[in-house]
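Overview (structure and organization)
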Amino acid sequence: MAETAPDTSFTNQDFKIIGTRPPRPDGVDKVTGRAKYGADAFAAGQLTALILRSPHAHAKILSIDTKRAEKLKGVKAVVTCEDLPDLTGGNRGMLDILENCMARGRALYDGHAVAAVAAIDAETAKKALKLIKVKYEVLPHVTDVDEAMKKKAPIIQPHIRTTGVDPKPKKASNVAARSQFGHGDIEAGFAAADVIVEESYKTEQTHQGYIEPHACLASVGPDGQGELWVTTQGHFVFRNTCAALLGMEVAKLKVTSSEIGGGFGGKTHVWMEPVALALSRKANRPVKLTMSREEVFRASGPTSSTSIDIKIGATRDGRICAASAELRYQGGAFPGIWGMLGAMTTWACYDLENCQSVAFDVLVNRPKSAAYRAPSAPMAAFAVESTIDLVAAKLGMDPVDFRILNAAKEGTRASYGPTYGPIGIGPTLEAVKNHPHMKAPLGPNQGRGMACGFWFNFGGQTCTDINVGVDGTVSLTVGTMDVGGSRASLSLIAAEELGIPYERVKCNVADTASLGHNDMTEGSRGTFSSGMATIFAARDVVKVLRNRAAAMWEIDVDDVAWEDGQAVAKGIAHSNLSPLSLADIARKSPTTGGPIAGHNETVADGAGVSFASHICDVEVDPETGATKVIRYTVVQDAGKAIHPDYVEGQFQGAAAQGIGWALNEEYIYGEDGRLQNPGFLDYRIPVCSDLPFIDTEILEIPNPGHPYGVRGVGETSIVPPLAAIGNAVSNAAGVRLNHVPMSPPRILKAINAAK
Amino acid sequence: MSGVHVSTTVNGDAVEFVCPPGETLLDVLRNRLNLIGAKEGCGTGDCGACSVTVDGRLVCSCLVLGAEVEGAKVGTVEGMAEGGELHTLQSKFIEHAALQCGICTPGFLVAAKALLDRNSDPSEEEIRYALAGNLCRCTGYDKIVRAVDAAAKQLATDATKSGKKSKRR
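Just so it is clear, the model here is predicted, and its values are computed rather than measured.

Within chain A, the regular secondary structure consists of 20 helices and 27 strands. In terms of overall size, chain A behaves like a compact globule, its C-alpha atoms giving a radius of gyration of 27 Å where 755 residues would be expected to give roughly 27 Å. With the C-alpha coordinates of chain A rotated into their principal frame, the extents come out at 90 × 75 × 55 Å. With 755 residues in all, chain A has 62% of them scored as buried. Taking contacts inside chain A between residues at least 6 apart in sequence as the whole, the part at least 24 apart equals 79%. Approximately 26,800 Å² of chain A is accessible, and the part contributed by carbon and sulfur atoms is 51%. Taking the average place of the 75 positive charges on the side chains of chain A and the average place of its 83 negative ones, the gap between the two points comes to 8 Å.

Quick look at the overall build of chain B now. Summing up its helical and strand segments, chain B has 5 helices and 5 strands in all. Mapped in sequence order, the helices and strands of chain B form the string β-β-α-β-β-β-α-α-α-α. In terms of overall dimensions, chain B is globule-like: its C-alpha atoms have a radius of gyration of 17 Å, near the 15 Å expected for 169 residues. Counting only C-alpha atoms and orienting by the principal axes, one finds that chain B spans roughly 55 × 45 × 25 Å. In chain B, buried positions account for 54% of the 169 residues. Pairs at least 24 apart in sequence give 54% of the contacts found in chain B among residues at least 6 apart. Accessible surface computed for chain B: about 7,500 Å², of which carbon and sulfur atoms make up 47%. Separation of charge centres in chain B, based on 19 positive and 21 negative side chains, amounts to 9 Å.

On to the domain arrangement of chain A. All names here are of chain A. Split into domains, chain A comes out as domain 1 (8–36 + 459–604), domain 2 (41–139 + 212–261 + 267–299) and domain 3 (306–457 + 608–754). Put simply, the middle of domain 2 and the middle of domain 3, counted by C-alpha atoms, are 37 Å apart. Across the boundary between the two partners, domain 2 contributes 20 residues, which contact 20 residues of domain 3. Note on domain 2 versus domain 3: buried area summed over both sides is about 1,700 Å², and carbon and sulfur give 65% of it. Per-residue buried area on domain 2 facing domain 3 is highest for Asp110, His269 and Phe297; these three make up 35% of the total on that side. At the junction of domain 2 and domain 3, the tally comes to 1 salt bridge. Of the charged contacts, one joins Arg674 and Asp110 as a salt bridge, the two residues approaching to 3.7 Å between their closest N and O atoms.

Residue and element names in this part refer to chain A. For the pair helix 11 (residues 377–395) and helix 12 (residues 399–406), the least separation of the axes is 9 Å and the interaxial angle reads 105°. One finds that helix 11 runs roughly perpendicular with respect to helix 12. Only Pro399, Phe402 and Arg403 of helix 12 make contact with helix 11, whose side of the interface consists of Glu385, Ile388, Asp389, Val391, Ala392 and Leu395.

On the side of chain A, 54 residues touch chain B, which itself brings 44 residues to the contact. Buried area between chain B and chain A, both sides added, is near 4,000 Å², and the carbon and sulfur share of it is 61%. Taken together, chain B and chain A are joined by 4 salt bridges. With a closest N to O distance of 2.6 Å, A:Asp40 and B:Arg30 form a salt bridge. Connecting chain B to chain A are 23 residue pairs in polar contact (both at pLDDT 80 or more). Looking at the side of chain B that touches chain A, the elements with two or more residues in it are helix 1 (25–32), helix 2 (88–95), helix 3 (105–118), helix 4 (124–130) and helix 5 (142–168) of chain B. Among the residues making up the side of chain B that touches chain A, the classes are represented as 23 nonpolar, 9 polar and 12 charged.

Residue and element names in this part refer to chain B. Examined at the domain level, chain B breaks down into domain 1 (4–79) and domain 2 (88–168). The distance between the C-alpha centroids of domain 1 and domain 2 comes to 22 Å. The partner domain 2 presents 11 residues to the 12 residues of domain 1 that form the contact. Both sides together, the interface formed by domain 1 and domain 2 hides about 880 Å², and carbon and sulfur atoms give 68% of it. Interface area lost by domain 1 to domain 2 is led by Cys47, Leu58 and Val77, which between them contribute 45%. Broken down by element, the side of domain 1 that touches domain 2 gets its largest block of residues, 3 residues, from strand 3 (residues 51–54). For the side of domain 1 that touches domain 2, the class distribution of residues is 5 nonpolar, 5 polar and 2 charged.

All right, on to the side chain of A:Ser324 then. All names here are of chain A. Turning to its location among the elements, Ser324 is positioned in strand 14 (residues 320–330). On the basis of relative accessibility, which here comes to 15%, the residue Ser324 falls in the buried class. Apart from the residues within four sequence positions on either side, Ser324 is in contact with Ile186, Phe190, Asp309, Ile310, Lys311, Trp347 and Gln356.

Looking now at helix 3 of chain B. Residues and elements named next belong to chain B. Over its 14 residues, helix 3 runs 20 Å from end to end, which matches the ideal 20 Å to within 8%, given 1.5 Å per residue. The buried count for helix 3 comes to 11 of 14 residues, which makes it a mostly enclosed element. The complete set of buried residues in helix 3 reads Thr105, Pro106, Gly107, Phe108, Leu109, Val110, Ala111, Ala112, Ala114, Leu115 and Leu116.

Now for the pairing of strand 17 (residues 460–468) of chain A. All names here are of chain A. As defined by bridge partners, strand 17 adjoins strand 23 (residues 596–604) across 9 bridges and the pair is classed as antiparallel. Residue Cys463 lies in a different strand from strand 23, and its bridge partner there is Glu601. Bridging between strand 17 and strand 18 (residues 474–478) involves 4 bridges; their strand directions are antiparallel. Residue pairing for strand 18: Val468 is matched across the bridge by Val474. Counting the residues in the hairpin turn of strand 17 and strand 18 gives 5 residues, including Gly472, whose phi is positive at 85°.

Time to look at the sheet that holds strand 25 (residues 627–637) of chain A. Residues and elements named next belong to chain A. Strand order in the open sheet made by the 4 strands is 16-24-25-26, with mixed pairing throughout. Each having just a single partner strand, strand 16 (446–455) and strand 26 (694–699) make up the two edges of the open sheet. Pairwise comparison of adjacent strand axes, ignoring direction, gives a mean angle of 15° for this sheet. On top of the sheet, helix 19 (residues 721–733) reaches strand 16, strand 24 (610–620) and strand 25; it is set at about 160° to strand 16, its chief contact.

Next up on the list: the packing of helix 16 (residues 526–553) of chain A against helix 17 (residues 582–592) of chain A. Residue and element names in this part refer to chain A. Relative orientation of the contacting elements helix 16 and helix 17 amounts to 75°, with a least axis distance of 10 Å. With respect to helix 17, the element helix 16 is oriented roughly perpendicular. Contacts between helix 16 and helix 17 involve Leu545, Arg548, Ala549 and Met552 from the first element and Leu582, Asp584, Ile585, Lys588, Ser589 and Thr592 from the second. Looking at the contact of helix 16 with helix 17, its residues break down into 5 nonpolar, 2 polar and 3 charged.

Quick look at the packing of aromatic side chains now. Tallied over the entire structure, the rule returns 15 aromatic pairs over all chains. Ring geometry for A:Phe454 versus A:Phe611: centroids 5.3 Å apart, planes at 50°, classification tilted. Of this pair, A:Phe454 sits in strand 16 while A:Phe611 is found in strand 24, placing the two residues 157 residues apart along the sequence. Grouping residues by exposure puts A:Phe454 and A:Phe611 together as buried. The ring of A:Phe190 is capped by A:Lys311, whose NZ or CZ atom sits 4.3 Å from the centre of that ring. Lying across the ring of A:Phe693, B:Arg128 places its NZ or CZ 4.8 Å from the centre.

We now examine the pattern of salt bridges. Residues and elements named next belong to chain A. Under the criterion given, the structure shown has 50 salt bridges over all chains. Close ionic contact of Asp110 with Arg298 constitutes a salt bridge, the shortest N to O distance being 2.6 Å. One end of the pair, Asp110, is in the loop between strand 4 (106–107) and strand 5 (113–119); the other, Arg298, is in helix 9 (residues 293–299), and 188 residues separate them in sequence. Of the residues examined, Asp110 reaches a relative accessible area of 2% and is grouped as buried. A salt bridge links Glu212 to Lys267; the nearest nitrogen and oxygen atoms lie 2.9 Å apart. Placement of the pair is Glu212 in the loop between strand 8 (195–203) and strand 9 (215–220) and Lys267 in the loop between strand 11 (253–257) and helix 8 (273–283), with a sequence separation of 55 residues. Residue classification places Glu212 among the buried residues on the basis of a relative accessible area of 4%.

Moving on: unusual backbone geometry. For the bond running from A:Asp166 to A:Pro167, omega is 0°, close enough to zero to count as cis. Of note, A:Pro167 is situated in the loop between helix 5 (145–148) and strand 7 (175–183). Following A:Val740, the chain continues to A:Pro741 via a peptide bond in cis, the omega torsion being 10°. Tracing the sequence through the fold places A:Pro741 in the loop between strand 27 (739–740) and helix 20 (744–754). Positive phi outside glycine occurs at B:Asn34, with the angle close to 60°. Note that B:Asn34 resides in the loop between helix 1 and strand 3. Here the phi dihedral of B:Ala97 falls at roughly 55°; this positive angle occurs in a residue that is not glycine. Topologically, B:Ala97 is positioned in the loop between helix 2 and helix 3.

Rules behind the numbers
Residues numbered from 1 in each chain as written. Chains lettered and ligands numbered in written order. Predicted model: local features only at pLDDT ≥ 70, side-chain atom pairs only at ≥ 80, totals over all residues. Heavy atoms only, no water. Helix = DSSP H or I, 4+ residues; strand = E, 2+ residues; numbered from the N terminus. Rg over C-alpha atoms; globule rule 2.2 N^0.38 Å. Buried < 20%, exposed > 50% of the residue type's maximum accessible area, 1.4 Å probe, protein only. Contact = heavy atoms within 4.5 Å. Areas by Shrake-Rupley, 256 points an atom, 1.4 Å probe, with all protein chains shown as cover. Lys, Arg positive; Asp, Glu negative; His and termini not counted. Charge placed at Lys NZ, Arg CZ, Asp CG, Glu CD. Domains from an automatic or database assignment. Buried area = accessible area lost by both parts, 1.4 Å probe. Salt bridge = Lys/Arg side-chain N within 4 Å of Asp/Glu carboxyl O. Axes fitted to C-alpha atoms, helices over the stretch in contact; angles between N-to-C directions. Parallel < 35°, antiparallel > 145°, perpendicular 65-115°, else oblique. Polar contact = N/O pair within 3.5 Å; in protein donor to acceptor, adjacent residues only side chain to side chain. Nonpolar A, V, L, I, M, F, W, Y, C, P; charged D, E, K, R; others polar. Expected span 1.5 Å × (residues − 1). Pairing = 2+ DSSP bridges. Phe/Tyr/Trp six-rings, centres within 6.5 Å; stacked < 30°, edge-to-face > 60°. Lys NZ or Arg CZ within 6 Å of the ring centre and 35° of its normal.

Shown next as C-alpha cells:
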C-alpha cells in the first residue's frame, strides 16, 4: 500500500465551491425535531435503566445487597461489578475505564457508580435503586490538587507509582506522572534577564456542558451479538472498548452513532455504555440508559482543576530569554495525561531559546477528568498569557508588540519538540494589532485585554466511501460524526473534487458495521481527516469514471480527462466525442462494469497546528465585582475554511466556553468531598444575554500537510479567553486575578484588598 | 398507580393519553406521543431544551405535568412547519448556520416564535433576554441572535407584502 499512498501535500488549487456557505444537509431534520439523538431511539420491549451512585467522596464498599431490588416486580436485571468481571488481561488503562463505569470495592468520588438496575419503567427502576443496600466504610478524601500532592494526603490508587521520576518510587502517591519538556539552559537564561516575573495561578474545574446528557440504547442477545445506539464522538472506539470489556467479539457489536448533542471531548470517553450492555445481556431485553444532568456533572468527566507556577525573564530590548513553568493538573480518581498536555502547550506560542515546563498529573477524589476542547491548554495559557502582560508592563512595552517580537515562526523549535512549518501566530497578532477593535474607545470601568492560544490538532485513522447512484447523485459515507456542520463541509469537498453541484451529494455517518475504523472525532480532526479521505475517495471515483467513459467510447483511458464534472476525450482524433457527465456515465454503469465507487483508508498525518489571538473588552462593576464582556474578537488561522459559517461557529462557540470558564463556571466541592452544584442553575454557563456578538476573522495560512491546506479549527479558540479576560479585568479594575473563575466575589475581594 | 386520562390538543391535533399523575409533559410528548423534538437537557427547567407552548405561553415541558394540559393547546417544534414549508425562523436558522449540534435548536425555535408572536420587531437586547432561558453550548449565540433578527425582518416584509395584496383584493 505504501507506494500507492496518495500525496497529501498542499496544492494551491483554484476552488469552485470550497469556501462557499450552502445550507447544511441535516438542517431540516434539526430544525423540525426529526433528528434523532442519544435519547431518541426506542426498541420493542425496552427496559429503563438507572444507576446507583456513591454519596461518598472516598469509601470502601463493604457489601452490596441487591436481593430486595431483584425481587421487586418489574425489575429485570440488577448489575454490580460482579457482572462486569475483569477481562482486561492486565491492561490497567482498560481496567480503569471499567472501574470508572462501575466501582470495584471502592468508591473513588461522589457519584461513582456502584450498581445499576433495568426495569419495565423509570418508576420501578427508581424504587429498585432504593432497595439496594450498600455498606460503606468512609475513607478520608482529598479534592484539591495541591493538597493531594502532600505527603499526608489520602492515597486514592494504592497501585500508583509516579512515572517519569528516577529512581522509580517505592511508595504509592497521588502523583501519577511527572513529565518535562523544553530546551536550552534555563539558569543561564534567567541570569541574562533584565526583568523577571514570577506568578502562581489556580484554575477551577469546569465541565464541557454539552446540552445533551449521555444516553444509549443497548441490546445484547443470548447469541453474543449486540447493538448499541449511543451519543458519542467515536462509535468505532466505543465498539472496541465495550467489546473488550464485555468479552464480546468486535464484529458482533454494531455501534450506531446517534446525532450528537454536543461533546467537546466529553463524549470521547466510555462512561456507562458497558453497564447498559451488561444489563441488557442479563435481562435479555433492550435497555435504555440516560444520565440525568446531575449525573452528567457528578460522573462524566469535567476538565482538570490546576495550580500553575510561571517564571518569565526578559531582556530590556523585549526578548524573552528564559521561561519556566510548573503545572499541577488533577485528573480525578484515575491517571490522565492532562498535566503532560498542559506542559506541551505551555510555551508553544513563542520562539524561545531557553524554556522548560514540568507537569504533574495528580489524582484526587473527583470524577475522572476528560478531554475538554484543546484539553489542558486553556489553563496553561491563562498562566502564561497573564504573566506575559506583566512582563510587557514591566518593560514598558505594548503587550501586542511584545508578543509579536517573541512569537514563534516557521523554523522555530517548539517547546514540546518539533520544528514549526508555516504557522499563524505572527499573522494573528499582526491582525490583532491592526484590528479596529484595538482602537475603539473605552468607557469608565472598562478595560481591554488580549491573549494568544495554541492547539496541536490531530489526524488519525480515517476511512471514507463514496458510492455513485445510477441517477448521478453521490452518497458520501464517513465515520466521523457531525457535531457542527461537518456533513456540509465534507459534501463540499466531494462536490468540489467530482465537479458536481453540492446538492447532488448526500453525506451519511455510517455505523460500525458499514465502514472501516475511524478514530474519535477529537483533536479538531473531523474536517481535516475525513476531508482528506473524502478527497482521495473522490479521486478514486474519478479514476473509475474515466475508465467507464473510455469503455463507452472504446478509446484508451489515457485519452480521457476529467474536467468540470465530466469526462472529456482528449486529442483531435476524438474531437467527435461529446463529453460525458458523471450522470451519463452513472446511468450506463449497470452494463459497463457495475457499481461506481471509490474509497480511501488512511492514517491522516500532517494535522497542522493552529493559533489564535483574541481581543476582549470588559466592564467591571466596582460595587459588585460583576464583569460583563462588552466586545469580543477572535482571530484564528484555519488553514483553509471549507465552509466559513461553521468555521466562524467554532471560533464563536469556543470563545463563549472560554468566557464562561473565565467568569462563572466552577465545580464547587464541600468539606465532605461532595459536589455542591451539579446543575445548570448553580453551574452557570453563559446565556444569550451574557454575551455580545463575537466577531471573527479567519486567516488562511495553508497547512502543508493537507491537499487543501486545512487545519483543524474546533479547539484553539477556547485557549485564549481566560487570559484575555484576565488581562482586560486587570486593565478595567486595576486588579489582577490569578484565580479562575473571576467570579464577582473574587473580583470584589481583589478590589477591596487593593483599596 | 392509576393513570390520569387527558384530552388535549397538540399542534392542532386532538390527542388523548393516559399517564401517571407525576409524569411530566416532556415525558408524555416524547414517550407516549412520539414527539421527540423537545429534549431533556436538565429536567429542572434550567436549559430550555424542552421548551413548548401551552395555550400560547412558553414553558419548560419538564416542569409541567402531563395531567395539567387537559383541555389545553400544546405547541411543539413539530408544529412549526406548515405542510412542506418551514417556518421562517426554521429557514433562517439553517441559512444563518444558527445551529451546530442542534440539540438546543427545537427549544430555541419554540422560544423565538413565542417572542415574535408577541413582539414582531425585537431589538438585539430583547432577543437576547427572551432567549436567556435557553442554553446553547455550541454557538456562543451569535448566529442564533442574527437568525432571529433576520426572521423578524423577513416576517415583517412578508406581512407588508400580503397586506398590500389583501388591500388590492
